[in-house]
Amino acid sequence: MVDEQPVLDALTTVHPLQPFSQHYFSGRADDAKQGASALFTYAHEWAALHQAAVDEGQLTELASFVPSSKISPHMLQRFLANPVQYFFNERLKVYFDQNELEVFEDEPFALDGLQRFNLQHQLLTAGQQADSQADLTEVLQLHSEKLQRSGALPMCAFGELARAELVEPLVSQLEDYRKHCQAWPYQEDNPRIIESSVGRVQLEGWLSGLRRPATQDSQSQDSEYARIELLPGKINVGKDKRWHRLLRPWVEHVLSNATGISMQTIVIAQESSMAFASLTTLEAQQIVEVWLAAWQQGLDAPLPVALKTAMNFLKTQSADKAQAIYEGAYNMSGEVQNNAALARQFPTFADLQADGQFSHWAEALYGALANASIITLDREGEPS
Amino acid sequence: MSHSESTQPLALTFPLHGSRLIEASAGTGKTYTIAALYVRLILQHGEHNKAAFNRPLLPPEILVVTFTDAATQELRDRIRAKLVEAAQVFRDEISQPDALLSQLRADYPQAQWAACAQRLDQAAQWMDEAAVSTIHSWCQRMLREHAFDSGSLFTQTLETDHSDLLALVVKDYWRQHCYPLQGHNVLWALEHWQQPAALHSKIQPLLHAQSTASTATDYQQSLNQLLDSAIEAQQQALAELKAPWPAWTQELRDILDQAVAAKAVNGRMIQTARYSGWLDKINAWAADPKQLKFDIGTGVTRLTPDGLHEAWKDTSAVPQHPALQAMQSLPTELDRLTFALDEQALWHAAHWVKRRFHLEKQQRAQMGFDDMLTRLDQALQGPNGQRLAQVIRLQFPIAMIDEFQDTDPLQYRIFDRIYSITDNRDDCGLFLIGDPKQAIYSFRGADIHTYLYARRATTGRHYNLDTNYRSSAAMVAAVNQLFKLAEDRANSRGAFLFKQQDNNDLPFIPVHAQGRKEQWTVAGQAQPALSVWLIESDQAISREQYIEAMAASSASEIVRLLNLGLQQQAGFENAQGQLQALQPNHIAVLVRDLREAQAMRKHLAQRNVRSVYLSDKDSVFDSQEAQDVLTWLWACLTPDNERALKAALASSTLALPLSELERINQDELLWEQRVLQFQAYCARWQKQGVLPMLRQMMHDFALAQRLVQRPDGERALTNLLHLAELLQQAARELDGEFALLRYLQTACAGQAESAQEQVLRLESDESLVRVVTIHKSKGLEYPLVFLPFICGFRAQDGKKPFMIQEDQQRKLILHAEQQHLEQAENERLGEDLRLLYVALTRSRHACWIGMADLKKRPEQDICFASECTRLPTEQCPTLDQQCSSAQLVY
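Calculation rules
- Residues numbered from 1 in each chain as written.
- Chains lettered and ligands numbered in written order.
- Predicted model: local features only at pLDDT ≥ 70, side-chain atom pairs only at ≥ 80, totals over all residues.
- Heavy atoms only, no water.
- Helix = DSSP H or I, 4+ residues; strand = E, 2+ residues; numbered from the N terminus.
- Buried < 20%, exposed > 50% of the residue type's maximum accessible area, 1.4 Å probe, protein only.
- Contact = heavy atoms within 4.5 Å.
- Areas by Shrake-Rupley, 256 points an atom, 1.4 Å probe, with all protein chains shown as cover.
- Lys, Arg positive; Asp, Glu negative; His and termini not counted.
- Charge placed at Lys NZ, Arg CZ, Asp CG, Glu CD.
- Pairing = 2+ DSSP bridges.
- Buried area = accessible area lost by both parts, 1.4 Å probe.
- Salt bridge = Lys/Arg side-chain N within 4 Å of Asp/Glu carboxyl O.
- Polar contact = N/O pair within 3.5 Å; in protein donor to acceptor, adjacent residues only side chain to side chain.
- Nonpolar A, V, L, I, M, F, W, Y, C, P; charged D, E, K, R; others polar.
- Patch = residues over 30% accessible without salt bridge, like charges linked within 9 Å, V, L, I, M, F, W, Y side chains within 5 Å.
- Axes fitted to C-alpha atoms, helices over the stretch in contact; angles between N-to-C directions.
- Core = buried A, V, L, I, M, F, W, Y, C linked by side-chain atoms within 4.5 Å.
- Left-handed = near helix turned anticlockwise from the far one by under 90°.
- Phe/Tyr/Trp six-rings, centres within 6.5 Å; stacked < 30°, edge-to-face > 60°.
- Lys NZ or Arg CZ within 6 Å of the ring centre and 35° of its normal.

Novice: Before we go on, may I ask you to explain the overall build of chain A in this structure?
Specialist: Helix and strand counts for chain A come out as 14 helices and 12 strands. In chain A, which comprises 384 residues, the share counted as buried stands at 42%. The long-range share in chain A, meaning contacts at least 24 apart out of those at least 6 apart in sequence, stands at 68%. Accessible surface, chain A: about 20300 Å² in total, of which carbon and sulfur atoms supply 50%.

Shown next as structure tokens:
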């Protein structure tokens, strides 16, 4: 009776779990335990893995970006709303959205947030364009029925309810809009030019929709101006504001004030109205300069900053809370999860903070918004 | 009861007929015993002590059921090896045979040895046809082989994922029953169900509930009719509740007014302004026949007998009034009204969906996993059931059910029907093998109470495997001591909470230790088996703090031990005094979930210790790599689509430098090259398949080289290879490339439970520290085990439906009342204690557990915490700043 163990060992080859295991390629004697010397592989492609570190010399920094044309206020808005995504879109022409395969096989059963926002936007536009004497309830009724017939709403009684729910807050919102329009009855017909530049970055755009109050002489030169923005959806969450919705009006607000006029922006949202108080020309110009400089740097390299996270950080000064906003927490998806560009460049909050510039950029891009003086406007006829 | 003391091990004396239960504590050689019983069945061993079966059996006649496919494979191999070994023993070919086998051989006269050996050899060769299988595949086989007796179709396709079909059925319910709703019924449906997807998740638990513990709802009527009558009934009940209140509020007002005037009450607790506010609100509520919501703030506790008792100065003069009594139960009764309607409607939906789903599957001749069991069960309970049971019993006179603690009522009913467990028949045998202390799969529907029921049904026929072969004597003693303390404490509910007075369905029985040849030593000193670390704090700490502190401490200790191992100072010393140095793969950290694992791995990585994570839940489709492969495939299919191609090139996994991405924009030729490159991928995909294409791509981008430089590079690389394989597999059954793309997209978005093949694969078999979930670790063993987060738990908050044990069966609770919550908490704690048992018994030599006083701890939990702190402790040097360590020495 022979002891079988040595025979068994000689006959047995224990392969590593992975084809790229270094044991296949080392050929070293100390790997020879348990018959590893018998290891061989035809998968030559993995060999490179263990030879030398790959040349990372190509990791050069990007050349400074040279803007090919003047930028528009809209581009600035997009940049500020999402600096990292803007970098990928504008500089690299990379778009991460992947919705092309989405197939809708069913009728809508209920409206999601985005659908509700879009439908309300359409209805608000209809109400805004209607004759100022027209009955708002009737206008909204007509238009929403059109939407229902087009299949944009759920079926049967559910559609009826959804329609009523969509329209319900809009009447008072549009009434409020009309009220403010009456307080600022004179709308300028010709848009004004906005111009600004820092270094190579030149901004140019048109400012329209300026209004002047009824109390002022329409010929007076140093008058107060206002713009009125109608926003679908709500702007408050708890005690905080939905800053990503206010950013667009805020940018126009600053740009307008930087042209030398004194203008407030009245924002009329679903549940409340507010106004950005006018800024001095100097204040506004300083903000614009910081933005334009940041725009340039934001196209040289992705800036480690994201709107919601930065606003939270500026308000709370707590990195922990900002981290929860960025990475998400229990029952809450984080900013990085909703944005593929951020996920590519700064997968975690630690990556965002890696070069220590996060708070600098947060302050530069959003500090003025965080400190903006906001006037809450009473909405008449609303309880509490 | 335990088996009689004898010199022979249980595996040799166990009677091979009748229905019997073997309790095999962790590490007591359960698989070894099953294999030994198998050998005896083949040989018809045991005639001398009436333990033999009435005839010798062959592998196809012995049914062995276990839990997973992997376990089936392993068990089959072990049995085959045991048969071969036994044959060799009978031929006297082994110089030092296994003690058990030589005892077995001694029971036969030498003249029979050759015949026995031949029989064993035959059996070993026949193992390919042995009936070793999972319960599901066995049921499927029975339905197919006995199609006439079971009344099932000859050919049925097995569909592993039916979630799409189910979603379709739910939508159909919505269209048929919710669209026709009228008036306030629509509002009700909108408020409670919103849309089909929400309804789907609401009725999901109801679909799986074994019993329809609902009220006598008429399922023939439409939802509209049901809501009409139910809402009317609700309104009636509500009106009855409200009826007396207008009069009562006036009377209460008088009583309180007088009391305040007479200064008979505590002015802080009863103020005119506040109670008149409450009473006004009650009046308003009572006046509106439809208002269900009842909110009067603290009034709901003050306007009760107890509340007034507290506020009255002279407690003997506290007024009595029926309203006070009624107020006590009012909130609960109102809740019940809401819930009753809610449950009725949900059961209506669930019932309809269940029936329709069944019908749809039958029309398609499809079966889901669970159908295999339910259909065999139905066949056995049906008119032909007797006959079918008899046929199966003849086919498999003996059945051994492994891991029986994870059974459920359905499985039990099937085996009970065939082998009639309580009758203890001697013309067949059913051996139930398991360890109730390791029943930790309740979230998958396993039901320990079914096990306990089986345990009662086999009273008098219980057997215990009583020797632990896995752990060192000290380790076994430590675990014995820990659970024995809890078991023997006066007025306790036993270590596993099943003790009632003098009866304990789930006793803790200390096991003997075989001991181990080697000894765990550090710097020449034998080490204690069990170390308990306690975070000392004045106040309860949060789970986050606990995890953070314990992960840091454990990582530091692991580093210390590994460093000692490198210096040949720590390791396992055998009897000859040779030391096998400690390696990273000797250490396992057991965790509950991904979050704990990530915390642990983060701290290990900070200290330059590499680790691997093993789990049985996380799907490869949830990884970033899956997302990126999706963009790659999309780009390969449409290389002319600039957006798609650029998105692929910019993906995180490809990780091209930004400068490279910019060059594509500037250099027209380079761009063209890329387009051609992806066109070539597309061609390769079409010609050779998706796997060669992805491999080619990984090669072209030198992905392997660049990925391994990332800390989680091997993980990413493993995921990529895994995905490529899965896609290649899926491609065989799909038509065309776009179908595959769609498959991957739905898989990535899918919430469906991940199938076995989607579970993340082990990224490396190098000698690394293992971070393992406790569930995954079951059945495995490690020399050193850390349980840093064992105190963590998730209390039952009743927000989601849950199951509790009530009146001998599982009951689904949709809306929790206090006593249900207590019961569920109790069961949750029981499961956590079993989890602790599983975790502790994984270790061969030593185990570390991290303790802390955790916030939000329901009272019951203290039972477990105080158990440990009550053990003799002695202070040891501080490990980390937050954490002092107390070591227990045995």
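Novice: Sorry if this is basic, but what is going on with the overall build of chain B here?
Specialist: Along the backbone of chain B there are 34 helices and 26 strands. Principal-axis analysis of the C-alpha atoms places the extent of chain B at approximately 105 × 85 × 70 Å. Within the span of chain B, comprising 890 residues, buried residues form 54% of the whole. Entry remark: accessible area of chain B is about 40200 Å², with carbon and sulfur atoms responsible for 49%. The average position of the 89 basic charges and that of the 107 acidic charges among the side chains of chain B differ by 1 Å.

Novice: Would you explain the environment of Val771(B) in this entry?
Specialist: Residue and element names in this part refer to chain B. Of note, valine 771 is situated in strand E20 (residues 769-773). Relative accessible area serves as the criterion here: at 0%, valine 771 is assigned to the buried category. For the pair valine 771 and glutamine 568, spaced 203 residues apart in sequence, the C-alpha to C-alpha distance is 24 Å.

Novice: It is not clear to me how the pairing of strand E22 (residues 802-806) of chain B should be interpreted in this structure. Could you clarify?
Specialist: In summary, the side chains of a regular strand alternate between the two faces of the sheet. Residue and element names in this part refer to chain B. One ladder, built from five bridges, connects E22 with strand E23 (residues 809-813); its direction is antiparallel. From the neighbouring strand, glutamate 806 faces E23, where its bridge partner is glutamine 809. Linking E22 back to E23 in an antiparallel pair, the connection comprises two residues, with aspartate 807 at a positive phi of about 50°.

Novice: Is there a simple way to think about the interface of chain A and chain B in this case?
Specialist: The extent of an interface is frequently quoted as the accessible surface area lost upon association of the parts. At the junction of the two partners, chain A supplies 48 residues and chain B supplies 53 residues. For the pair chain A and chain B, the summed buried surface comes to about 4500 Å²; carbon and sulfur atoms form 60% of the total. Connecting chain A to chain B are four salt bridges. Linking chain A with chain B are 10 residue pairs in polar contact (both at pLDDT 80 or more). Among the elements of the structure, helix H4 (83-91), helix H7 (156-183) and helix H12 (340-345) of chain A are those that each provide at least two residues to the side of chain A that touches chain B. Of the residues assigned to the side of chain A that touches chain B, the class counts are 29 nonpolar, nine polar and 10 charged.

Novice: Please explain the sheet that holds strand E13 (residues 519-522) of chain B as it appears in this structure.
Specialist: Pairing between the strands of a sheet is mediated by backbone hydrogen bonds and can be parallel or antiparallel. All names here are of chain B. The sheet built from four strands is open, its strands ordered E14-E13-E16-E17 with antiparallel pairing. Every interior strand has two partners, whereas the edge strands, strand E14 (525-526) and strand E17 (579-581), have only one. With four bridges joining them, E13 and strand E16 (residues 570-573) adopt antiparallel strand pairing. The residue bridging threonine 521 from the neighbouring strand is glycine 571, located in E16.

Novice: Got a minute to help me understand unusual backbone geometry in this structure?
Specialist: Generally, phi is negative for residues other than glycine and the peptide bonds are trans, each holding for most cases. Unusually for a residue other than glycine, Lys93(A) sits at a positive phi of about 60°. Turning to its location among the elements, Lys93(A) is positioned in the loop between H4 and helix H5 (113-129). Overall, Lys93(A) belongs to the partly exposed group, its relative accessible area being 39%. Look at Asn424(B): it is not a glycine, yet its phi comes out positive at around 55°. Classification of Asn424(B) as partly exposed rests on a relative accessible area of 26%.

Novice: How should I be thinking about a negative patch on the surface in this particular structure?
Specialist: On the surface, Glu105(A), Glu159(B), Asp161(B) and Asp164(B) cluster together into a patch of negative charge. Here Asp164(B) shows up in helix H8 (residues 163-178). The class of Asp164(B) is exposed, set by a relative accessible area of 65%.

Novice: Quick question: what am I supposed to make of the sheet that holds strand E7 (residues 429-434) of chain B here?
Specialist: All names here are of chain B. Strand order in this open sheet of six strands is E3-E2-E6-E7-E1-E8, and the pairing throughout is parallel. Strands with a single pairing partner mark the edges of an open sheet, and in this sheet they are strand E3 (131-134) and strand E8 (462-465). Going across the sheet, the axis of each strand differs from the next one's by a mean of 20°, ignoring polarity. Looking at chain direction, strand E1 (residues 18-24) and E8 are connected through four bridges and run parallel. Of the residues in E8, the one forming a bridge with leucine 21 is histidine 462. Sitting on the sheet, helix H3 (residues 69-90) is in contact with strand E2 (62-66) and E3, with an inclination near 160° to E3. Contacts from helix H20 (residues 448-457) reach E1, E7 and E8, with the element oriented near 125° to E1.

Novice: Honestly, H4(A) in this entry has me stumped. Any pointers?
Specialist: For the α-helix, the turn length of 3.6 residues means that residues three or four positions removed from each other point alike. The buried fraction of H4(A) amounts to seven of the nine residues, a majority that puts the element mostly inside the structure. Every buried residue of H4(A) is listed here: Pro83(A), Val84(A), Tyr86(A), Phe87(A), Phe88(A), Asn89(A) and Arg91(A). Buried residues along H4(A) sit in contact with helix H3 (73-81), helix H9 (281-300), H12 and helix H14 (358-370) of chain A together with helix H26 (658-666) of chain B. Within two residues after H4(A), Lys93(A) carries a phi angle of roughly 60°, on the positive side.

Novice: I would appreciate a short explanation of the nonpolar core in the present structure.
Specialist: The nonpolar side chains of a soluble globular protein tend to be buried with one another. Ranked by size, the top nonpolar core spans 124 residues in total, and within it Leu76(A), Trp250(A) and Leu633(B) carry the most contacts. When residues no more than four places from it in sequence are discounted, the contact partners of Leu633(B) are Trp685(B), Val690(B), Met693(B), Leu694(B), Leu727(B), Leu741(B) and Leu744(B). In this structure, Tyr412(B), Leu506(B), Val532(B) and Leu835(B) belong to the second largest nonpolar core, which totals 117 residues.

Novice: In this structure, what is going on with the pairing of E16(B)? I would like to understand it.
Specialist: Taken together, the three bridges between E16(B) and E17(B) define a ladder with antiparallel strand orientation. The residue bridging Glu573(B) from the neighbouring strand is Leu579(B), located in E17(B).

Novice: Explain the pattern of salt bridges here, please?
Specialist: Side-chain pairing between opposite charges can occur once the charged atoms of the two side chains come close. All names here are of chain B. Applying the stated criterion to the full structure yields 56 salt bridges over all chains. The salt bridge partner of arginine 828 is aspartate 832, with a shortest N-O separation of 2.5 Å. Placement of both arginine 828 and aspartate 832 in helix H33 (residues 818-840) is noted, with a separation of four residues, approximately one turn of the helix. In this structure arginine 828 comes out as buried when scored by relative accessible area, which is 12%.

Novice: Is there a simple way to explain the packing of helix H17 (residues 369-381) of chain B against helix H19 (residues 409-419) of chain B in this structure?
Specialist: Axis angle and axis distance: for two packed helices, these are the angle between their axes and the distance between the axes, and together they describe the pair. All names here are of chain B. In contact at an axis separation of 10 Å, H17 and H19 are set at 35° when each is read in the N-to-C sense. Every pair of crossing elements has a handedness; the one defined by H17 and H19 is left-handed. On the side of H17, the interface is formed by Leu373, Thr374, Leu376, Asp377, Leu380 and Gln381, while H19 contributes Leu410, Gln411, Arg413, Ile414, Arg417 and Ile418. When the residues that make up the contact of H17 with H19 are grouped by side-chain class, the tally is six nonpolar, three polar and three charged.

Novice: Sorry if this is basic, but what is going on with the packing of aromatic side chains here?
Specialist: Working definition: an aromatic ring pair is given by the centre-to-centre distance plus the angle between the planes. Within this structure, the stated rule accounts for 37 aromatic pairs over all chains. For the pair Tyr326(A) and Phe349(A), a centre-to-centre distance of 6.1 Å together with 55° between the ring planes defines the contact as tilted. Residue Tyr326(A) is located in helix H11 (residues 319-327), and its partner Phe349(A) is located in helix H13 (residues 349-353); the two are separated by 23 residues in the primary sequence. This pair shows no difference in class: Tyr326(A) is buried, exactly as Phe349(A) is. Linked through ring pairs, Phe65(A), Phe79(A), Tyr86(A) and Trp295(A) together constitute an aromatic cluster. The ring of Tyr95(A) is capped by Arg643(B), whose NZ or CZ atom sits 4.1 Å from the centre of that ring. We note Lys646(B) situated over the ring of Trp671(B); from NZ or CZ to the ring centre the distance is 5.0 Å.

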